[in-house]
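Remarks on the overall topology
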There are 2 protein chains.
Amino acid sequence: MELNKKAIISACLSVLLLGFVFSCKAQNETSSKNTQSSNSGGHPKLIITKAGVEKIRAELGNIPIFDATLKMAQEEVDAEIALGIDTPIPKDFSGGYTHVRHKRNFFMLEKAGLLYQILDDEKYAKYVKDMFFQYAAMYKDLPVHPQTRSYARGKLFWQCLNDSNWLVYASQGYDCIYEYLSPEERETLETDLFKPFADYISIENPQFYNRVHNHSTWGNAAVGMIALVMDDAELLHRALYGIENDGLDKNAKDNDGGFIKDPEGRAGFLANLEEPFSPDGYYTEGPYYQRYAMYPFLIFSEALNNVKPELKIFEHKDGVLLKAVDALLNLSDADGDFFPLNDGQKGMSYYSKELVTAVDIAYLHGGKNAGLLSIAEKQNRVLLDDSGLAIALGIKNGEAKPFEKKSVNLSDGPDGKQGGVAVLRNDDLEVVFKYAAQGLSHGHYDKLSFSMYENGQEVIQDYGLARFVNIEQKGGGNYLKENKTWAKQTIAHNTITQNGKSHFQGKYEIGSKHHSVLDFYDFSNDQIKVVSAHEANAYPGTILHRTMAVISDKDFEKPYVLDIMRVTSDKANQYDFPYYFLGQVMETNFKYQTPEVLKPLGAKHGYQHLFVEAQGQANQENVKLSWLNAGRFHTLTTVTDNQDEVFLTRIGAADPEFNLRKEPALMLRKSQTKDAVFASVIESHGSYSPVSENAVNSHSNITKIEVIHNDANYTAVSIMDLQGHSKVFIVSNKTASKEANHKLKIHDDTFQWTGSYYFK
Amino acid sequence: MELNKKAIISACLSVLLLGFVFSCKAQNETSSKNTQSSNSGGHPKLIITKAGVEKIRAELGNIPIFDATLKMAQEEVDAEIALGIDTPIPKDFSGGYTHVRHKRNFFMLEKAGLLYQILDDEKYAKYVKDMFFQYAAMYKDLPVHPQTRSYARGKLFWQCLNDSNWLVYASQGYDCIYEYLSPEERETLETDLFKPFADYISIENPQFYNRVHNHSTWGNAAVGMIALVMDDAELLHRALYGIENDGLDKNAKDNDGGFIKDPEGRAGFLANLEEPFSPDGYYTEGPYYQRYAMYPFLIFSEALNNVKPELKIFEHKDGVLLKAVDALLNLSDADGDFFPLNDGQKGMSYYSKELVTAVDIAYLHGGKNAGLLSIAEKQNRVLLDDSGLAIALGIKNGEAKPFEKKSVNLSDGPDGKQGGVAVLRNDDLEVVFKYAAQGLSHGHYDKLSFSMYENGQEVIQDYGLARFVNIEQKGGGNYLKENKTWAKQTIAHNTITQNGKSHFQGKYEIGSKHHSVLDFYDFSNDQIKVVSAHEANAYPGTILHRTMAVISDKDFEKPYVLDIMRVTSDKANQYDFPYYFLGQVMETNFKYQTPEVLKPLGAKHGYQHLFVEAQGQANQENVKLSWLNAGRFHTLTTVTDNQDEVFLTRIGAADPEFNLRKEPALMLRKSQTKDAVFASVIESHGSYSPVSENAVNSHSNITKIEVIHNDANYTAVSIMDLQGHSKVFIVSNKTASKEANHKLKIHDDTFQWTGSYYFK
């Protein structure tokens, strides 16, 4: 099976390669059906096209969102022109002056190029040309960047990744002023700057370039885009297929601890497109990096589509790039913030420039989905090119429709067989359930973890990363050591830690070999959205099986979350199970002691970062915790027995640099236990306004939840509300299919149903 | 002097009393010049008037903000009518069902009454009548409320305060349906409900009614408003002047620890109007309670103005009520949230219903200030009466102008001689400096404390109260014990604690006798806003003298705050000086140890609630701390020597019920020190966006600050920025007048100036 897959992929790549070589030779004879081809029409042709420029000029002043974006860009570039060009000798990390200046420069190269095309004002072309010549003069003799931290140091920046960013944008600027330059000028720039630049980030840094990784995607796109502008077939081939004999050590790792060499030796843009995206468009590193990677994927694909339409890049892998945009938008909360799965910085959202690119390009090349127009309206800016024009016209013509997010299940893995991520949605509630693969070097050890949102507010949080991206004083803006010692560890997540150790012992080599397995998901019923998956490798000998449901129940004010974590093991263990609630504790129903002195919960695997604020013995039936956050009440009710312990913890121990956020959790602990069921309900209820000072519905509506049955075949949980209404949820532990018939007697009641679960 | 004041006030009250008695007798003979008098015109006459009803009906459908408010009210009342009337037997604390239900009822009595008048639909009158009769039937035999916590238990509610709320609103409802009822029906309601109700909260509870306190203001207004509706001269007299022989013990205290008996024996509405408001309209308990008290003050005053215009209540004390509205609006941040001085719950704002009342009434009776219209626009609702109509018409006619908040100094005390509160404003920065009197029972022990805001975000916070108002599960929604053990204590504030003890030993009896003293304030210069005050009684033998300035300096991106706290004492002490910054630590420049185990900073006076997260020795020159909050960077730079200690603390120790917010502070400590100067600059600089991931100007612009001179006459501080520009600020410690001439030689420089301070 595994071998077959490899063979198929290799074959596909070969066919593509042949097709490409053929198309290169035959490009002038064959006529593309794609009318957007501008291959033979001179420059610009890459992103903005000659035909696009004409249309834009004709519509200017009559396309509000485009006009407004253009005005902003003009003001920005004019201010930079007034400031003068500076290309300082590289010296700093992210956040430092030389880094920030070169970063700003590449944005200017692109923007000024576009302004030249759209406004037909030579001052912009001259600015781009002058900056390029300044770079060319410097680049020839530029040594490797003095900061030595990266596994792949750049020249303008401390890592090749940022150099690649530069070239992706600079290529667009070059394309825009290509015809403004004389052949001699172009010759100088290409010889002194663009070709050596492309070579440096590729053949001189294969450990960066020849990987399946978001870094490499940037590298590939950079080389490919300058290749398309320069019409350099050899560079384009290198962009699409990588370097053939890279000489890389198969055990080498990057700064994040990720393997460098792809186990199957794949490299280049097409491999990068093949590998990290699942058929559903989920990117294995998670939405934060998917957002980052989308820019080179889409911008280079659009360039390929414009210059080499015969490659049909947007149809590749059944249209995976366009699906990826849709998947990414669905991986955002009600405010458009991406769920911070794996290494994700909170607050990154579909308002980012990468998503402006993604939405505009997906609109133009993905069948003009009117839902994307409403996202673009919120973004309130567009690309200053053909796709931005299309968006602006769509909005102007009143075609925008709401982008409706529904419950989605997104498979992980190149073939969609390596677990996945589900988002359950019901009214304002969103539950993000992660049963995915490791997520490459940016993955966290958090099998079957979840997070919960209400209307864009976190109720149960995923911590995200431990990093302040681009804030120089925080470790150069790079990953902090707490990212490894805390953020990646299992105890930092809302899932089970066994015997105080992270999943896979916190080892990337082991974690990378495994993924959780979907049992079923069912979004067909408006009242209840369910997903169920299990994990058998995080702790050998132990199986974790978690079922999560968001349930609309007329006896409750709002939908609630039902969470059933069933653990079976071949030996007795300690199970620690935290819920990282956000907000102020309102009420508890269990007895606890609060120590006068706060001590850490443990010594390693992230436990060293948690202070114990309270500790108590659980009740015989249920433990309850209510809290208030952002004007809403929430209550966790969980089945316990009086052998269980309950901890209230707070993040922030062993944090000498104050790199962590001091946020709370409730943690359940079962000790000396082989098999266990953690069954919980999380309610969101009522509201509080400090202006009206009204507390509405501030109490839980649940009298009791109970595990009424649990064996190898079935687990059943009953939920009783304050009015005495009782509901039963049963999940089949063996046969999850939709068609299976089930019959189960619990006490005096017989339950009979067809399908993956029972709820009534 | 003190005796003279008393005599004058007594005389004034007597004259008023005589005038009132005269006016009662003569009311039919004299014709008022105030055209709004509706005294002789039947009902309604209290808040909405017969003439007002006619005008409103004529404009309906044509006054958008009024129409929208009316529609909301109608939907709300219709829903309640559909639900049916419930007047449950009183049982619960705030937040419990019976409390919430009776509270909702009184709002309905008022709203339904107004709807009856405006819409001329009898169903609303019948609803009000039916509810009144239900209350009348119950009230006759109703015992005192079963909850025993209050010093003045109500009948419908656990405290007389809430019963008074009921009567203030119910009076308005009664006025609206007065003519709908038969004389017999009115007789029944007045005999069984309104009169005994008014007697219960007044003569049966003098300890509640006969005070100078916001509670009593509600009581007085309640009795007065029902008196005006019933035309009951005796009750009205009791409302205006209190109960004559109340038999109260002069040492008795209320639940908050405040004295009950006014030392000068004053009581009644006019005394309440006289005493807590300063001539500038500052209310001594602080803006949170001012907001609460404004409703009865203004609504009863409007009623008096309508029914007894000859009292000229709005001209009382030089128009203090209207000044109070202006003062209160100026005590809010850029978002309209009130500064949480003393016991203030954060988030309370000018969007509250009390401020809708205040703004509408102040507009109608205060010369139609167009700035108030812009606040009303933000509030987006109006009173459904004559004043609301005036606002709605003003907005409709496009007369709204921005309400411009400027730097203000508001004196405290009935005569404006008991210190005060200053708000320094410059661009987006606001500094709130408190040098006021104790603030009655809601006061905190925080002489010369301050808080700092940027564009509505707290930079250096005032903790506010320790209470979750109306959230039942948090101590019945009442004050928590941490309010006394933490929130009121000096160490909870951004000022000096000497030898680990709160100001005035944390004793109300002592604190109430004193106030800080203003040295000067100067807002005349656009570049620099300054205030300076001293406190000589918080610690006998020690003088605290604090000067705060907000300075616009072209060499800095934004204005910064200069803070000079000069301490002189007759003996060596320990001075602890915290800054409660909000946000994530970015950078420090001093060495510290972070303990593995967190211990409390001390055992009492609030110290028991602080954990020590880090401790270190200060640098010889300056200690710096930078933090990030809500996308902005801030840096505190403070002059230190290497004998000083620096602590990073976190609130939350000894907090078994999780009643406190776990927020940080930097605390400076000087030990064994007699005289000291704490000189600091707080910068707000740059920005960070998690969407663009750009960190702009993330570093402090200050190289060094230094105390270059300090003696009995002058304190001088120099501030040097990164570019080497140096500024000097000098404050005269003896002669603060604007006219004084000064000359001071420091090292080789001679400084010469006229006025309270020098800055260049």
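First, a word on what this report is: a plain description of the structure on this page. (Residues numbered from 1 in each chain as written. Chains lettered and ligands numbered in written order. Predicted model: local features only at pLDDT ≥ 70, side-chain atom pairs only at ≥ 80, totals over all residues. Heavy atoms only, no water.)

1. With respect to the overall build of chain A
Each helix and strand in chain A was counted, giving 18 helices and 26 strands. In terms of overall dimensions, chain A has C-alpha extents of about 90 × 60 × 50 Å along its principal axes. In chain A, once contacts between residues fewer than 6 apart in sequence are set aside, the share between residues at least 24 apart is 67%. Total accessible area computed for chain A in this model is approximately 26,900 Å², and 49% of it derives from carbon and sulfur atoms. Counting 79 positive and 98 negative side-chain charges, chain A places the centres of these two groups 3 Å from one another. (Helix = DSSP H or I, 4+ residues; strand = E, 2+ residues; numbered from the N terminus. Contact = heavy atoms within 4.5 Å. Areas by Shrake-Rupley, 256 points an atom, 1.4 Å probe, with all protein chains shown as cover. Lys, Arg positive; Asp, Glu negative; His and termini not counted. Charge placed at Lys NZ, Arg CZ, Asp CG, Glu CD.)

2. Brief notes about the interface of chain B and chain A
On the side of chain A, 50 residues touch chain B, which itself brings 50 residues to the contact. In this assembly, chain B packs against chain A so that about 4,100 Å² is buried in total across both faces, 55% of it on carbon and sulfur atoms. The largest share of the area that chain B buries against chain A comes from Gln-473, Phe-658 and Glu-693 of chain B, three residues that together contribute 18% of it. Taken together, chain B and chain A are joined by zero salt bridges. Counting across the chain B and chain A interface gives 21 residue pairs in polar contact (both at pLDDT 80 or more). Put simply, the parts of the chain that give the side of chain B that touches chain A at least two residues each are helix H12 (287-307), strand E12 (584-588), strand E13 (610-617) and strand E16 (645-651) of chain B. With four residues, E12 of chain B is the single largest residue contributor to the side of chain B that touches chain A. Of the residues belonging to the side of chain B that touches chain A, the class tally is 24 nonpolar, twelve polar and 14 charged. (Buried area = accessible area lost by both parts, 1.4 Å probe. Salt bridge = Lys/Arg side-chain N within 4 Å of Asp/Glu carboxyl O. Polar contact = N/O pair within 3.5 Å; in protein donor to acceptor, adjacent residues only side chain to side chain. Nonpolar A, V, L, I, M, F, W, Y, C, P; charged D, E, K, R; others polar.)

3. Re the relation of the copies chain B and chain A
Mapping chain B onto chain A is achieved by rotating through 180 degrees and translating by 0.0 Å along the same axis, at an RMSD of 0.1 Å. As the rotation angle and translation indicate, the two copies are arranged about a two-fold axis. Considering only C-alpha atoms, the part of chain B nearest the rotation axis is Leu-598 of chain B, at 2.4 Å. Most of the interface of chain B is mirrored in chain A: 100% of its interface residues are interface residues there too. (Least-squares fit on C-alpha atoms with pLDDT ≥ 70 in both.)

4. Things to note about the packing of helix H4 (residues 97-119) of chain B against helix H6 (residues 160-177) of chain B
In a pair of packed helices, the angle between the axes and the distance between the axes together describe the arrangement. Residue and element names in this part refer to chain B. Axis separation between H4 and H6 bottoms out at 7 Å; the angle between their running directions is 20 degrees. In terms of axis orientation, H4 runs roughly parallel to H6. The crossing of H4 and H6 is left-handed. Residues His-99, His-102, Phe-106, Phe-107, Leu-109, Glu-110, Gly-113, Leu-114, Tyr-116 and Gln-117 of H4 form the contact with H6, whose participating residues are Asn-162, Asn-165, Trp-166, Tyr-169, Ala-170, Gln-172, Gly-173, Cys-176 and Ile-177. Considered class by class, the residues forming the contact of H4 with H6 number ten nonpolar, eight polar and one charged. (Axes fitted to C-alpha atoms, helices over the stretch in contact; angles between N-to-C directions. Parallel < 35°, antiparallel > 145°, perpendicular 65-115°, else oblique. Left-handed = near helix turned anticlockwise from the far one by under 90°.)

5. A word on the packing of helix H14 (residues 353-365) of chain B against helix H16 (residues 386-396) of chain B
All names here are of chain B. Between H14 and H16, the least distance of the axes is 8 Å, while the angle of their chain directions is 80 degrees. Looking at the two axes, H14 sits roughly perpendicular to H16. Side by side, H14 and H16 meet where Val-359, Asp-360, Ile-361, Tyr-363 and Leu-364 of the first sit next to Asp-386, Ser-387, Gly-388, Ala-390, Ile-391 and Gly-394 of the second. Among the residues forming the contact of H14 with H16, the class breakdown is six nonpolar, three polar and two charged.

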